[in-house]
Amino acid sequence: MGLFKSLFFFAAVFVFLPLCFFSCKKNDPLDIVLDNSDPLALAPDVRWAVVIEPYAAFRESISWDAVAVDYCKQGELFPILASALAPEEMGGENWFRFEDGWLPASAISVYPNKFRAAKAAAAFGAKNERQ
């Protein structure tokens with residue numbers, strides 16, 4: 001029994017005790033930098049859109065026959081202001097409202113925040129949203 005206690009003491013002192021000191025190294029604190037330059041970038045109620053068509057026309061209203069009021073290119077990103085469903089006789093497609101007009105859902109991809117949208121836009125070679 002005395003030999004067992006001696007072996008246990010030896011194991012505890014020379015094997016397990018050093019493991020307590022060397023197994024858990026103190027990590028350097030991470031510096032998390034939050035970009036507050038755009039307050040809408042992470043707003044939970046603002047969705048962002050990236051244009052996926054080579055060129056798309058902003059329409060005055062929810063219709064393919066509506067007047068084109070402005071244009072955008074593939075990779076541009078915009079905050080979504082509203083969305084609506086076109087009537088069945090007009091195709092029943094979802095449309096999204098932007099500052100410049102309406103775009104159909106087939107011309108864009110929707111993202112929950114600006115950072116995800118910017119990452120998707122970068123895949124198209126775009127730098128940022130329209131200035």
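Above this text you will find the structure in question.
Predicted, not measured: the structure shown is a model, and the values here were computed from it.

A. Expanded view of the sheet that holds strand β4 (residues 77-79). Here we have three strands laid out as an open sheet, ordered β4-β1-β8, and antiparallel in their pairing. The sheet is open, and its two edges are formed by β4 and β8 (108-111), each paired on a single side. Direction aside, the axes of adjacent strands within the sheet are offset by 25 degrees on average. Across three bridges, strand β1 (residues 48-51) lies against β4 in antiparallel orientation. Within the sheet, the bridge partner assigned to tryptophan 48 lies in β4 and is proline 79. Against the sheet, helix α2 (residues 114-123) makes contact with β1, β4 and β8, and its axis sits at roughly 10 degrees relative to β1, the strand it touches most.

B. Just the environment of isoleucine 62, in detail. Among the secondary structure elements, isoleucine 62 is positioned in the loop between β2 (55-59) and β3 (68-73). We classify isoleucine 62 as partly exposed; its relative accessible area is 21%. Distance from isoleucine 62 to glutamate 93, taken between C-alpha atoms, is 9.2 Å for residues 31 residues apart in sequence. Setting aside residues no more than four positions away along its own chain, isoleucine 62 makes contact with Ala84, Ala86, Met90, Trp95 and Trp102.

C. Quick peek at the pairing of strand β7 (residues 101-104). Direction of pairing for strand β6 (residues 94-98) relative to β7: antiparallel, over a ladder of four bridges. Residue pairing for β7: arginine 97 is matched across the bridge by tryptophan 102. Hairpin connection between β6 and β7: a loop of two residues separates the two successive antiparallel strands.

D. Molecular detail of the packing of aromatic side chains. Following the criterion strictly, the structure yields four aromatic pairs and no others. Considering the side-chain rings of phenylalanine 58 and phenylalanine 98, the 5.9 Å spacing of their centres and the 70 degrees angle between planes classify their relative orientation as edge-to-face. With a gap of 40 residues between them, phenylalanine 58 in strand β2 and phenylalanine 98 in strand β6 connect regions that are remote in the sequence. For phenylalanine 98, a relative accessible area of 1% translates into the label buried. A ring pair is formed by tryptophan 64 and tryptophan 95, whose centres lie 5.3 Å apart and whose planes are at 65 degrees; its orientation type is edge-to-face. A residue pair is termed long-range when its members are at least 10 positions apart, and tryptophan 64 in the loop between β2 and β3 and tryptophan 95 in strand β6 qualify at 31 residues. You can call tryptophan 95 buried: its relative accessible area is 1%. By way of ring pairs, the aromatic residues Phe58, Phe78 and Phe98 are connected into one cluster.

Definitions and cut-offs
Residues numbered from 1 in each chain as written. Predicted model: local features only at pLDDT ≥ 70, side-chain atom pairs only at ≥ 80, totals over all residues. Heavy atoms only, no water. Pairing = 2+ DSSP bridges. Helix = DSSP H or I, 4+ residues; strand = E, 2+ residues; numbered from the N terminus. Axes fitted to C-alpha atoms, helices over the stretch in contact; angles between N-to-C directions. Contact = heavy atoms within 4.5 Å. Buried < 20%, exposed > 50% of the residue type's maximum accessible area, 1.4 Å probe, protein only. Phe/Tyr/Trp six-rings, centres within 6.5 Å; stacked < 30°, edge-to-face > 60°.

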